[in-house]
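Structural description and commentary
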Amino acid sequence: MRTIVEQGHTFEEWLTPEMIYRDVKQVAECINRDYKDKEPLFLVVLNGAFVFAADLMRALDNDIHCEVTFIRVSSYWGMATTGKLEFIVPLQQTVQDRDVIIVEDIVDTVLTIHQLKAHLRAQGASSVTVATMLFKPDKLEYDDAKPDYIGHEITNEFVVGYGLDFDGFVRNLDAVYKVKE
Ligand code: 5GP
C-alpha cells in the first residue's frame, strides 16, 4: 500500500486510480441517463473538484449538450471546518431557468451544498442537483443536501489527493489517501 507524508502527517492510499475510474464512470452513466434531453450547466466548486470535474466531463456521452462554469467558496481550514461559507470566485453565469449540476470533490457536513443550493434556487435555477466524488454520510446535517450522484461513500476520515488538499498541497495525487493517525 502506498503512503505519503505531508507536514508530519502520514496518509495511506485508500481509493486506487482504478477504483476512482470505475466510480467516475458510474456517476457519468447516471448523468447521461438523467440529462439526455436536457442542457445542464455544470457548476464546478473550486479548487478541489477540478480533477473529478475533468474526468467526469470526459466520461459523459458526447451528445450531452452542456456548459461548464466555476465557482470558488471556502469553508474549510486545515482539518477542521469553520462552518462559514465565503464566495471567493462568485457565479459568473446566469442560472435562471437552467438545470444546474453542482460538481463537488467531497460532501462532508454538507454546509457548502446546503448554502449553494439555496443561492442557486434564489437565482431562478429550474433544478439543482449535486454530483460528488466522495460523500461522508456520517455527518449529514441538512436533509436537502444529500448528493444526487455519488462516486464513493466513505467513513468520516480526513482524506487528500485526487484534487483534495492538505493546506493547499497534495491535490495532484492520483489516488485518494486517508490520514493514518
Ligand atoms: P462541507 O463540510 O461543507 O460539506 O465541505 C466543504 C469542503 O471542505 C469540501 O468541498 C472540501 O473542500 C473540504 N473537505 C471536507 N472534508 C474534507 C476532507 O476529508 N479532506 C479534505 N482535504 N477536504 C475536505
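Residues numbered from 1 in each chain as written. Predicted model: local features only at pLDDT ≥ 70, side-chain atom pairs only at ≥ 80, totals over all residues. Heavy atoms only, no water.

**Comments concerning the sheet that holds strand β9 (residues 159-160)**
Strand-to-strand pairing in sheets goes through backbone hydrogen bonds, with the strands running parallel or antiparallel. To be explicit about the condition: Strand pairing is assigned whenever DSSP detects at least two bridges linking the two strands. Only DSSP runs of H or I with at least four residues qualify as helices, and only runs of E with at least two residues qualify as strands; both kinds are numbered from the N terminus onward.
In space, the four strands of this open sheet follow the order β1-β2-β10-β9, with antiparallel pairing throughout. The strands lining the two open edges of the sheet, one partner per strand, are β1 (3-6) and β9. Note: β1 against strand β2 (residues 9-15), four bridges, orientation antiparallel. In the sheet register, Val 5 faces β2, and the bridge partner there is Thr 10.

**Here we look at the site of the ligand**
Condition: Any residue with at least one heavy atom within 4 Å of a molecule or strand is counted as near it. In protein, a polar contact requires one atom able to donate a hydrogen and another able to accept it; more generally it is a pair of N or O atoms within 3.5 Å, and residues adjacent in sequence count only if both atoms are side-chain atoms. Per-residue accessibility takes into account occlusion by the displayed protein chains alone, with areas from the Shrake-Rupley method and a 1.4 Å probe. The residue classification treats Ala, Val, Leu, Ile, Met, Phe, Trp, Tyr, Cys and Pro as nonpolar and Asp, Glu, Lys and Arg as charged. All others, Gly included, are polar.
Taken together, the neighbourhood of the ligand is formed by 17 residues, with Asp 108, Thr 109, Thr 112, Val 159 and Asp 165 sitting nearest. One of the backbone N or O atoms of Asp 108 is found 2.7 Å from an oxygen atom in the ligand. In this structure, an oxygen atom belonging to the ligand sits 2.7 Å away from a side-chain N or O atom of Lys 136. Bound to the protein, the ligand loses 92% of the 500 Å² it would expose on its own. Looking at the shell around the ligand, the elements with two or more residues in it are β4 (67-77), β6 (99-107) and α3 (111-122). Examining the composition of the shell around the ligand, we find that four residues originate from one element, β6, more than from any other. Here the shell around the ligand is built from residues that sort into eight nonpolar, three polar and six charged.

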